[in-house]
Amino acid sequence: MVQQSIGESVLRKEDQRFITGRGRYTDDINLRGQAYAAFVRAPMAHAHIRKIDVSAAMAAAEVISVLTGEQVAEDGLGALPCGWMVHSKDGSEMKQPAHPVLAATRVNYAGEPIAIVVANTLKAARNAAELVEIEYEEIDAVIDPRLARTSPAIHEDAPANTSYNWELGDKSATLAAIESAAHVTRISLVNNRLIPNAIEPRAAVADFNPGTDELTLYTTSQNPHLVRLIFSAFVQLAPEHKIRIIAPDVGGGFGSKIFVYSEETALSWASMKLGIPIKWTAERSESFLADAHGRDHVTEAALGLDAEGKFVGLHVSTIANVGAYLSTFASSVPTYLYGTLLAGQYKTPNIYVEVDAVFTNSAPVDAYRGAGRPEATFLLERIVETAARELNIDPVELRRRNFIQPADFPYQTPVALEYDIGDYEASLSRALEIADYAGFPARKQASIALGRKRGIGFSCYIEACGLAPSQVAGSLGAGVGLWESGEVRVNPTGNVTVLTGSHSHGQGHETTFAQLVASKFGISVDDVDVVHGDTGKMDFGMGTYGSRSLAVGGSALSSASDKVIAKGKKIAAHLMKGDADEIDFDDGEFRLRESNQSKTFQEIAFAAYVPHDYPLEELEPGLTEKAFYDPKNFTYPAGTHICEVEIDPETGIVDIVKFTAVDDFGTIINPMIVEGQVHGGIAQGIGQALLEQCRYDEAGQLQTGSYMDYCMPRADDLPSFDVDVTSTPCTHNPVGAKGCGEAGAIGSPPAVINAITDAIGIMDIEMPATSERVWQAIRQAEGR
Amino acid sequence: MYDFNYHRPHSVADAVKLFRQSDDAMYLAGGHTLIPSMKVRLRAPTDLIDLAAIPGLDGISEESGNLVIGAFTRHDAVATSEVVRRAIPALNILAGGIGDAQVRNRGTIGGSVANNDPAADYPAALLALNATVRTDRREISAAEFSTGMFETALEEDEMIQSIAFPLVEAATYVKFPNPASRYAMVGVFMVRQGGEVRVAITGAASGVFRCTDMETALAADFSASALENIKLDVHAMNDDMHASAEYRAHLCVVMAKQALSKFS
C-alpha cells in the first residue's frame, strides 16, 4: 500500500485533467437548446437614464428577449446585498444604497449592466445589444476617493458619498501616547487600486426547469452555497431548495469570484422567465470593467516611539474607496480585515484606526487576495521602516525591539484580536540567514562600483486567517456563520469519497484534503477523492476565501474522520469480541489490545455495509460521517519577507535580485502546494508594488481596460524566490494549520517598496513603483 | 466581431481584384493587430482577403546588396534566420523582441509595416536602414512611406510584396518596452555606414522619426560622450499614462547610448 502522509509533496491529483485539457470549466458546459446572453452596459460613469428603447433589439434576428431593470422591478426582485453590517462611530448603520440587478434609472459606473439580451446565438445577442437605444443625461463623475466626501451624492441615501465612518481602538489614549512620544513618524500613502484578473473570466449557464421549478446555475464561484443563499433569501429568485449552484472547475478567483454579481443573477432570472437554459461568458474587457476591484486606500498614519525605540501608539486614518455600490463583502474588508491587523507582530500598546468608506463612480471594490490585510501590512511595515530610518536604527533591530515574544502568547492586541501563537524571531532570523543580510553591504558596494543602486527591504507581516469564529464574526456584523462542513463517506470496498463545503479553484484541495483524510485512515491518497462545488451534493458550506479552507474545512474533515474511526472501533470490537475502548487504530489497522487480532480498515468498511455479523441493535450500518467545524479563533500566519533590488539609475528599472520569504503556516500538509501558493502570492504582491494600477480618467472611463494598458506581472518580471518555513502549529484547530493562500500577496509589497526607497535613499515612493517613478525619485534625491 | 466575407485568393492579382470589388476590404496577413481589433468591434471590414495562400510572398534572401524579406515572412522566421544574421543581425534582435512567441509565430513583417503602429519596431529599422518597400505596383522609400500615426503612403488596395534593406557596415536595435504591452515605449535603431550615422526612433512620438541631432553628433564623434548634450524636444514626445514626455525624451538618449555600446 502506498501511503502518502502529512508533510509529503504529493503531486496534485487534479493536474492530470488540467494539463491534458480535460478540466470542465463553466464555459465547457453546453446544454441542449441553450441560448446566449449579452449585456448592455453603461458607456459612461454617471448618468440618469431617461429612456430605454429595446424595440429594435427585440425585432432583430434570432433574438429571444431583451430584459431591463423595469422587468426586474415588476418581478419584485431584491437588490444585491452586502453581507456584513458595519456601524459608524455614532452607532448608526452603514449606508447601503440599493445595488440593482440591472440599472433602471441611473448608472453609477462605466460598465454597469443595464439590460440583458437573450438570443439563439452569441453573435445575435451581441449584435442586438448594440441596438438597445438608451437616452442618458450625463452627471459629473467622482473617481478620486479624496474628493468623494465633498462631491455631489451619487446615492440619495448616502450623504457625502459616505457609507460609514468606522473606528476601532482607544482614540484618546493613542493620541496621548503619540503626543508624549520621544519621536513621531508620520506617513501618507496610497494603496493602489488593482483589477483581479483570474485567468478564467466569470461565466455562467443558468438552467431553469419549468417542470420541477428548479433552477440550476453553473457558475464560476468560490462559494456556491452563498450564491444559493443570497439568490433565495435576498434576491428572492426562488426558494433555497429549488436552487442548485454548481461551481465546476474554476480557473482562479483571488476573491473576485466570492461575490454575487448582477450578471449571474440577471442570467438566472432570465432563464426562469424564459424557461430556457442561457449561457454567458465574460469577455476579458467585461472582467476589467465589472469584476470587483481591490485595495484603493488613501491613508495618513502616525507612529509614536519612546526613547528606546519602543512603539507607544499608532494612529491611522484611512479613506477606502468602495466603488459605486457595496459589493457582497465590501464593508468588512477595510474594517475588520484591516483595522484589526494593525498591531502586526508588534507590542504597540495603543492603536486607533478610523476608516471612511466612500462611494465613487467606479466599479465596486471588494476582497482581493489578502483583503484588508495587505493594506494593513503595507501601512505598518512602511511606517516601521520609515521610523527606523528617521531614528537611524537598523530596521531589523527596530522590529526586534518591538516583537511580541513567544512567552507573550496568547497575546491580546489593542485592536480586538487575540493571537494564539507565533515565533516572529524564528522566521526573521531564518530569513536573514537565507537573504545573507550580513553580506549586503559588500553587495551594495559592488553595485555602486557598477553605477547601480542596491537596496534591501523587510516586511514582517501577520494575517488573520481561517475565517472565522461565527460568534465573533456575528458580533462584528457578519450576516452569515463562518464554519465549514465536511463529510467522509467510506465506501464498502474501503476507498473514500470526501465532500467539502470549501471550493478549490487552483488551491489543490483535491490533493491536500485527500492527503489529510488518507493519513487519518492509513490508506493511499489514490483511494480518496474529494468532491466540492455543488450544492446538490454536499452539505451547506461557506466556500473558499481568506485562507480558510484547510484551517476550517480541513478541520471539519479531520473531525468527520475521527467519527469514522470511532465508529470503526465499535465495529472492530464486535468482530474481535472485545470492547471499543480496547481497540487501537493505527496505520490502517484496528487492533484489539493485548491480543494478536486485528482488522484492516477495508474489512471494517465492508462489515459496515454488509452487516451480517454486526451489532445492529446498538449501531446503524454504513460508514459515513459528517462534521461542521466552527473555529475557536482566527489563525495567525506570520513571517518575514526580504527583498533585495538593484536599480539602473539611467532608466529607473528595478531588478529584484533576491526575494526571500520565510513563513509560519503552522502544520503543512503538502509543502509543494504551499510553496506554489507562496510563489503566486509574491508574484501578485510584486505586481502591485511595481506594475499594476487600475486607472480611470476624470470622467470615469476605465483607461486600463486591457492587457495593453493594465500590466500584470509576467515570469520575466520576477526573480526565483527563496522560500522556507518555520512552524508553530495553530493551537486551536485539530490540523494545526494556519492558512497560506494570501501570505505572499500580503507580505511582499512593503518589502519591495522598502528595498527601493532604501536603494535610492528616500523615505517614500508610490506604488506601483514604475521605472519612471523610480527615475524621477532618483533625480529628485540627487537634486537634478 | 461582426460578420465579414472571407476570401483566400491564390495570386496577388486576384487579391487586388477582390479588394476592389469589396465595399470595405482589408488584407489579412498575420492578423495580430487586425483580428483583436475586430474582436472588440473597433474595426469592421466587410471583406477580409487572406494572403496566406498566395505563393512567393514570404522568404528571406540576399540580392545585389540588399537583404530582401518577403511581406508574409513571420517575425519568428526573421528572428531565427541565418541569412539575416549574416546580413543585418540587428533585424534578428528586433524581430526576436516583438510581442511573445505566439505573436512572433503569426505576425508578419508586411503586416507590421503596413499597419505603421507608432510603437511598432519595424518602422525604426526601415527608416534607419533606408529600406525600400516593394509593393505590387511600385517601390516606396522608407522616408516617404510613413505619413503619420497608422498612416502610410500605401494606396487603399496596394499590397506590400517585400522589404529591401540595403546592407550596412553595422546596425543595432535597442528598445525600452512598455511593461504592459511590450510594444516600444522607446526603440532606437542605429546604423553606421561609412562616415554616416542614422538613428531612427520609434514609440516615443506620434510616428517613427530620424534624430538628426544624434546623427550629426555621432558622425563627428561616435561615442557616448557625443550624446551627453543631446536633448530631444519634449513637446514632440508622446505623453500618456505609461510614460511622460519628459521620461520618453530622456529614454531616447539612454537607449541611444545603449545602442552605441553594442557597436564593437
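Keep in mind that this is a model prediction, so the values were computed, not measured. (Residues numbered from 1 in each chain as written. Chains lettered and ligands numbered in written order. Predicted model: local features only at pLDDT ≥ 70, side-chain atom pairs only at ≥ 80, totals over all residues. Heavy atoms only, no water.)

Student: For this particular structure, what's the right way to read the overall build of chain A?
Tutor: The helix and strand inventory of chain A stands at 20 helices and 28 strands. Across its three principal directions, the C-alpha atoms of chain A cover 90 × 75 × 50 Å. Within chain A, the fraction of its 784 residues that count as buried is 61%. With an accessible surface of roughly 27500 Å², chain A has 50% of that area assigned to carbon and sulfur atoms. (Helix = DSSP H or I, 4+ residues; strand = E, 2+ residues; numbered from the N terminus. Buried < 20%, exposed > 50% of the residue type's maximum accessible area, 1.4 Å probe, protein only. Areas by Shrake-Rupley, 256 points an atom, 1.4 Å probe, with all protein chains shown as cover.)

Student: It is not clear to me how the overall build of chain B should be interpreted in this structure. Could you clarify?
Tutor: Each helix and strand counted, chain B has eleven helices and 14 strands in total. The buried share among the 264 residues of chain B stands at 54%. Restricting to contacts in chain B with at least 6 residues of sequence separation, those with at least 24 account for 57%. (Contact = heavy atoms within 4.5 Å.)

Student: Where do I start with the side chain of S162 of chain B in this structure?
Tutor: All names here are of chain B. Within the element layout of this structure, S162 appears in strand β10 (residues 160-166). With relative accessibility at 10%, the residue S162 sits in the buried group. Ignoring any residue separated from it by four or fewer positions in sequence, one finds S162 in contact with V68, I69, G70, A71, T132, V133 and R134.

Student: Would you mind showing me how to read the sheet that holds strand β11 (residues 243-246) of chain A here?
Tutor: Consider a sheet: its strands pair through backbone hydrogen bonds, and that pairing is either parallel or antiparallel. Residues and elements named next belong to chain A. With mixed pairing, the seven strands of this open sheet are ordered in space as β3-β5-β1-β12-β9-β10-β11. Here the strands that pair on one side only, and so sit at the sheet edges, are β3 (63-68) and β11. The mean inter-strand angle of the sheet, taken between neighbouring strand axes irrespective of direction, is 20 degrees. Inspection of the sheet shows strand β1 (residues 35-41) paired to strand β12 (residues 278-281) by two bridges, in the parallel sense. The residue of β12 that forms the bridge with Y36 is K279. Running over the sheet, helix α4 (residues 122-129) touches β1, β3, β5 (113-119) and β12 and is turned about 25 degrees from β1. Across the sheet, helix α7 (residues 224-233) lies against β10 (214-219) and β11, angled at about 150 degrees from β11, the strand it touches most. (Pairing = 2+ DSSP bridges. Axes fitted to C-alpha atoms, helices over the stretch in contact; angles between N-to-C directions.)

Student: Mind showing me how you'd approach the interface of chain B and chain A here?
Tutor: Interfaces are often described in size by the accessible area the parts lose on coming together. Counting from both sides, the interface comprises 24 residues of chain B and, opposite them, 26 residues of chain A. Together chain B and chain A conceal approximately 1900 Å² of surface at their shared face, both sides included; 47% is due to carbon and sulfur atoms. For the chain B face of the interface with chain A, the top three residues by lost area are R182, M241 and Y247 of chain B, together amounting to 30%. At the surface where chain B touches chain A, the tally comes to six salt bridges. Its salt-bridge partner being D717 of chain A, residue R182 of chain B comes within 3.4 Å of it at the nearest N-O pair. Connecting chain B to chain A are 16 residue pairs in polar contact (both at pLDDT 80 or more). Ranked by the residues each element gives to the side of chain B that touches chain A, the list is headed by helix α11 (residues 245-261) of chain B, at eight residues. (Buried area = accessible area lost by both parts, 1.4 Å probe. Salt bridge = Lys/Arg side-chain N within 4 Å of Asp/Glu carboxyl O. Polar contact = N/O pair within 3.5 Å; in protein donor to acceptor, adjacent residues only side chain to side chain.)

Student: Is there a simple way to think about the domain arrangement of chain B in this case?
Tutor: Residues and elements named next belong to chain B. Each domain of chain B was delimited in the assignment, giving domain 1 (5-50), domain 2 (60-166) and domain 3 (170-261). Facing the 22 residues of domain 2 at the interface are 18 residues of domain 3. For the pair domain 2 and domain 3, the summed buried area comes to about 1600 Å², and 63% of that belongs to carbon and sulfur atoms. Among the secondary structure elements, those contributing two or more residues to the side of domain 2 that touches domain 3 are α5 (89-96), α8 (122-128) and β8 (146-148). Counting residues per element, the side of domain 2 that touches domain 3 draws most heavily on α8, at five residues. Split by residue class, the side of domain 2 that touches domain 3 holds 16 nonpolar, four polar and two charged. (Domains from an automatic or database assignment. Nonpolar A, V, L, I, M, F, W, Y, C, P; charged D, E, K, R; others polar.)

Student: Explanation requested: helix α11 (residues 395-402) of chain A in the structure shown.
Tutor: It helps to recall that an α-helix has 3.6 residues per turn; residues three or four apart then point in one direction. Residues and elements named next belong to chain A. All of the buried residues in α11 are P395, V396, L398, R399 and N402. Buried residues of α11, seen end-on, are gathered within an arc of 165 degrees and therefore sit on one face of the element. Contact partners of the buried residues in α11: β13 (297-305), β14 (311-323), α10 (373-391), α12 (424-435), β18 (453-462) and α19 (743-760). (Arc of directions from axis to C-beta.)

Student: What exactly am I supposed to notice about the sheet that holds strand β19 (residues 484-490) of chain A here?
Tutor: All names here are of chain A. Spatial ordering of the open sheet is given by β21-β20-β19-β25, a layout of four strands whose pairing is mixed. Lying at the two open borders of the sheet, with one neighbouring strand each, are β21 (528-532) and β25 (624-629). Adjacent strand axes in the sheet meet at a mean angle of 15 degrees, parallel and antiparallel pairs treated alike. Looking at chain direction, β19 and β25 are connected through six bridges and run antiparallel. When the sheet's bridge partners are listed, G486 is paired in β25 with A627. Along the sheet, helix α15 (residues 509-521) contacts β19, β20 (496-500) and β21; its crossing angle with β21, the most-contacted strand, is approximately 135 degrees.

Student: How should I be thinking about the environment of H574 of chain A in this particular structure?
Tutor: Residues and elements named next belong to chain A. Along the chain, H574 falls in helix α16 (residues 549-575). Using a relative accessible area of 28% as the deciding quantity, one classes H574 as partly exposed. Each C-alpha atom, one on H574 and one on P615, is 6.7 Å from the other, the two residues being 41 residues apart in sequence. Setting aside its immediate chain neighbours within four residues, H574 contacts D613, Y614 and P615. Within polar-contact distance, the side chain of H574 engages the side chain of D613 at 2.8 Å. Side-chain polar atoms of H574 contact the backbone nitrogen of Y614, separated by 3.3 Å.

Student: Just checking my understanding: could you explain the pattern of salt bridges for this structure?
Tutor: Once the charged atoms of two side chains with opposite charge are near each other, the side chains can pair. Residues and elements named next belong to chain A. According to the stated counting rule, one finds 64 salt bridges over all chains in the structure shown. One salt bridge connects K257 with E200, and the closest N-O pair in it is separated by 3.4 Å. Of the two residues, K257 sits in the loop between β11 and α8 (262-274) while E200 sits in the loop between β8 (183-191) and β9 (203-209), which places them 57 residues apart along the sequence. Residue K257 shares its accessibility class with E200, and that shared class is buried. Residue D562 is joined to K520 by a salt bridge in which the shortest nitrogen-to-oxygen separation is 2.8 Å. Of this pair, D562 sits in helix α16 while K520 sits in helix α15; the two residues are 42 residues apart in sequence, bridging distant segments of the chain.

Student: Just to check I follow, could you spell out the side chain of D664 of chain A for this structure?
Tutor: Residues and elements named next belong to chain A. Position of D664 relative to the elements: it lies in strand β27 (residues 654-664). Owing to a relative accessible area of 3%, D664 belongs among the buried residues under this scheme. Within the local environment of D664, its side chain forms a polar contact with the backbone nitrogen of G666, the two atoms lying 3.0 Å apart. Of note is the side chain of D664, whose polar atom sits 3.3 Å from the side chain of K738. Apart from residues no more than four positions distant in its own chain, D664 is found in contact with G422, D423, P637, A638, T726, S727, T728 and K738.

Student: I'm lost on the packing of aromatic side chains in this one. Help?
Tutor: All names here are of chain A. Under the criterion given, the structure shown has 27 aromatic pairs over all chains. Consider the rings of F409 and Y424, whose centres lie 5.8 Å apart with planes at 80 degrees: the pair is edge-to-face. Here F409, found in the loop between α11 and β16 (411-412), pairs with Y424, found in helix α12; they are 15 residues apart in sequence, far enough to count as distant. Residue F409 shares its accessibility class with Y424, and that shared class is buried. Between F521 and F601 the ring centres are 4.6 Å apart and the planes differ by 25 degrees, which places this aromatic pair in the stacked class. (Phe/Tyr/Trp six-rings, centres within 6.5 Å; stacked < 30°, edge-to-face > 60°.)

Student: What should I look at first to understand the pairing of β1 of chain A in this one?
Tutor: Residues in a regular strand point their side chains to alternate faces of the sheet. Residues and elements named next belong to chain A. Taken across its seven residues, β1 has six buried, putting it largely inside the fold. Relative to β5, β1 runs antiparallel, the two being bridged by six bridges. Note that in β5 the partner of A38 across the bridge is V117.

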